[in-house]
Amino acid sequence: MIQNRLLEIKNLHACINNTAIINGLNLLINKGEIHAIMGKNGSGKSTLAKVIAGHPSYKITKGQILLNSEHITYEDPEERSHKGIFLGFQYPVEIPGVSNIDFLRVAYNAKRTSQNLPILDPLSFFEFINQKSQLIDLDSSFLQRSVNTGFSGGEKKKNEILQMALLDTQLSILDEIDSGLDIDALKTIANNINKLQDQNKAIIIITHYQRILEYIKPNFIHIMQKGKITYTGNFELAQKLEDYGYNYIDTINNS
């Protein structure tokens, strides 16, 4: 049903420094779904995430990106964020001297301003962000620390999930959220992501490995090769890739 569509990408082409990376990609994501995107290094996975989020270094040369049936192909990243797109980075940036709580309050109030809602004062925001922190079992002491500075890999990824929870995003794109995590941290991050998903939202997980997909069951797994999606399967596809590698996809496509 059209009203259930959240993200639709049609024949997307994108490049950076005149080098084509996305080459005729199509993707449809409905509300309530979790999609995983897998592929070899250089297949365009992270580029796709950045293009959907509106990264200014990437130029869209052809195609469309629709969010809730609205054309956002050439909108600024701030506008996309305000409309509900969130990108969790593989390598979250450290911002020394800027406390987490101040950073999060500015981001949250910017979204409220875009929606013509009153901003939250520091005290009200502190109470609100504490509730969100408790939801994902994040120690409140993190709020007073500089953004990601001195954080472990797991702490940085938890901080990304806290932003996702705070902004209550419709479409969350998690670019290798599992990288650099030990098994306990991975389980914790996966559990927090599952808590935040509901029938009005969707998640894209970009990953090299099937490990995280043992804890977050995607509705679909898409394989990217040379800047486009060449095969789509269900969550069982991840185990096939673990067993046989990406040659498994070549075998299927050539059969």
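Before reading further, recall that the structure is shown in the block above.
To start, this report covers the structure provided alongside it. Note that this is a predicted model, so its numbers are computed, not measured.

Points about the sheet that holds strand β1 (residues 5–16)
Note on sheets: strands pair through backbone hydrogen bonds, and any given pair is parallel or antiparallel.
Step number 1: Pairing is antiparallel in the open sheet, where 4 strands are placed in the order β2-β1-β4-β5. Edge positions in the sheet fall to β2 (19–30) and β5 (70–71), since each has one partner strand and no second.
Step number 2: Sheet topology places β1 next to strand β4 (residues 59–67); 7 bridges connect them, and they run antiparallel. Across the sheet, K10 pairs through a bridge with Q64, a residue of β4.
Step number 3: In the packing of helix α1 (residues 45–53) onto the sheet, contacts are made with β1, β2 and β4, and the angle to β1 comes to roughly 115°.

Overview of the sheet that holds strand β6 (residues 85–88)
Step number 1: An order of β6-β9-β10-β3-β11-β12 is seen for the 6 strands of this open sheet, with the pairing classed as mixed. Taken across any chain shown, the strands that pair with only one partner, and hence form the sheet edges, are β6 and β12 (228–233). Strand-to-strand twist of the sheet, defined as the mean angle between neighbouring strand axes without regard to direction, takes the value 20°.
Step number 2: Pairing of β6 with strand β9 (residues 171–175) involves 4 bridges; the strand directions are parallel. Bridge assignment links F86 to a residue of β9, and that residue is S172.

A word on the pairing of β2
Step number 1: Direction of pairing for β1 relative to β2: antiparallel, over a ladder of 9 bridges. Of the residues in β2, the one forming a bridge with E8 is L28.
Step number 2: In this structure, the hairpin formed by β1 and β2 is closed by a connection of 2 residues, where N17 is found at a positive phi of approximately 50°.

Considerations on helix α6 (residues 183–196)
Step number 1: Compared with an ideal rise of 1.5 Å per residue, which puts 14 residues at 20 Å, α6 spans 20 Å between its outermost C-alpha atoms and is within 8% of the ideal.
Step number 2: Among all positions in α6, only A185, L186, I189, A190, N192, I193 and L196 are buried. Taken down its axis, α6 places every buried residue within 160° of arc, on the same side.
Step number 3: Where α6 is buried, its residues contact α4 (122–135), α5 (153–167), β9 and β10 (202–206).
Step number 4: For α6, the capping residue at the N-terminal end is D182, with a side-chain oxygen 3.2 Å from the backbone nitrogen of D184.

Criteria and thresholds
- Residues numbered from 1 in each chain as written.
- Predicted model: local features only at pLDDT ≥ 70, side-chain atom pairs only at ≥ 80, totals over all residues.
- Heavy atoms only, no water.
- Pairing = 2+ DSSP bridges.
- Helix = DSSP H or I, 4+ residues; strand = E, 2+ residues; numbered from the N terminus.
- Contact = heavy atoms within 4.5 Å.
- Axes fitted to C-alpha atoms, helices over the stretch in contact; angles between N-to-C directions.
- Expected span 1.5 Å × (residues − 1).
- Buried < 20%, exposed > 50% of the residue type's maximum accessible area, 1.4 Å probe, protein only.
- Arc of directions from axis to C-beta.
- Polar contact = N/O pair within 3.5 Å; in protein donor to acceptor, adjacent residues only side chain to side chain.

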